[in-house]
Amino acid sequence: MDITGNYNAILQKLPKGVQLVAVSKTHPASAIQEVYDLGQRVFGENKVQELMEKAPLLPEDIQWHLIGHLQTNKVKYIAPFIDTIQSVDSEKLLSEINKESGKHQRKIKVLLQVKIAEEETKFGLDIPEARALFEKYLNGDFENIELTGLMGMATFTDDEQQIRREFLTLKSLFDEFNQSKTLETLSMGMSDDFPVAIECGANSVRVGSAIFGRRDYSK
Ligand SMILES: *Cc1c(COP(=O)(O)O)cnc(C)c1O
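Please read these numbers as outputs of a predicted model, since none were measured by experiment.

### Structural notes on the overall build of the chain
Looking only at helices and strands, one finds nine helices and eight strands in the chain. Over its C-alpha trace the chain gives a radius of gyration of 17 Å, about what one expects of a compact globule, namely 17 Å for 219 residues. Per-residue burial over the chain gives 50% buried out of 219 residues. Partitioning the contacts of the chain with sequence separation of at least 6, the portion at a separation of at least 24 is 58%. Taken as a whole, the chain presents about 10900 Å² of accessible surface, with 48% of it coming from carbon and sulfur. Across the chain, 26 positive and 33 negative side-chain charges occur, with their mean positions spaced 3 Å apart.

### As for the layout of surface pockets
In this structure, the largest pocket spans a volume of roughly 900 Å³. The wall of the largest pocket is formed by 32 residues, among which Lys25, Met153, Ala154, Met190 and Arg206 lie closest to the centre. Mapped by element, the contributors of at least two residues to the lining of the largest pocket are strand E5 (108–115) and strand E6 (145–153).

### A closer look at the side chain of Gln113
In this fold, Gln113 is placed in strand E5. Non-local contacts of Gln113, meaning those with residues more than four positions away in its chain, are made with Gln86, Ser87, Val88, Phe123, Gly124, Leu125, Met151 and Met153.

Cut-off values and rules
- Residues numbered from 1 in each chain as written.
- Predicted model: local features only at pLDDT ≥ 70, side-chain atom pairs only at ≥ 80, totals over all residues.
- Heavy atoms only, no water.
- Helix = DSSP H or I, 4+ residues; strand = E, 2+ residues; numbered from the N terminus.
- Rg over C-alpha atoms; globule rule 2.2 N^0.38 Å.
- Buried < 20%, exposed > 50% of the residue type's maximum accessible area, 1.4 Å probe, protein only.
- Contact = heavy atoms within 4.5 Å.
- Areas by Shrake-Rupley, 256 points an atom, 1.4 Å probe, with all protein chains shown as cover.
- Lys, Arg positive; Asp, Glu negative; His and termini not counted.
- Charge placed at Lys NZ, Arg CZ, Asp CG, Glu CD.
- 1 Å grid on protein atoms, 1.4 Å probe; cavity = no way out; pocket = protein on both sides within 12 Å on 5 of 7 lines; lining within 4 Å.
- Points joined across faces, edges and corners; volume = space filled by probe spheres on them.

Distances and angles like these do not, on their own, reveal function.
Shown next, in the form of C-alpha cells:
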C-alpha cells in the first residue's frame, strides 16, 4: 500500500480551502504516523475504544475528529482531548458533550449529523430536529461547546444524480443556518464521492480508504 502516494494524490485533488480529515479507523498507529509525517494533522476515527488505544501512541498535536455514532456514556472518555465530534445525532448527546466539555474547561467543537440519504439510515437528525437543536444552540442552551457546522453522508450508490441531490439538500440547510455567519464547516464526501461533495459546497471531506487502503474488518 503506497500510503504516501495516495495521500499526495488526494491533496492534489482538493481545492484550496477544503479541509481533509484523514479517516484512519481500523488502521494502525504506524500508518497514521506516516501520514502525520507528511504534514497531516486532522484524523478521523469512528470508535471510542479504538481512538483511546491509538491516540496515546501518536503526537499530541493531532486534531482528532470523532465521525461515528457516539454513545452518551462514552463522551467522558474523549472529552479531555477530542477536537471535534462530527456525529452529533441527538439532543441528549449534545447535552452530555456540553456538560463534559464544561468539566474540562474546554470548548469542544461539534457538527450536527443530518440524515440526507434517501436510503434508510440509522443515525442522524432529520431536518426539523436539526433546526430545533440549532435554535436551542443560538439561544445559548449549550454554552460550553462550539457548534461549527453540519455533517452528512450520501446514499451508497452509483447514481451520481442522487448523491448530488442529497449533498445539495445539506448545502441548502447549511446556508439557511449560516445566515448568522457563525458556521465554518460543511463536512460531506468520502473516498468515492468527495469530488461531487466539493462541487456541491463541502469545505471538509472525510477520506479513508483512498489514503490508507481497504479496511480489513476480519482482524
Ligand atoms: C469510514 C467513514 C468515512 C471514510 O470512508 P472511506 O470510504 O473509506 O473514505 C467517512 N465518514 C464516515 C462517517 C465514516 O464512517
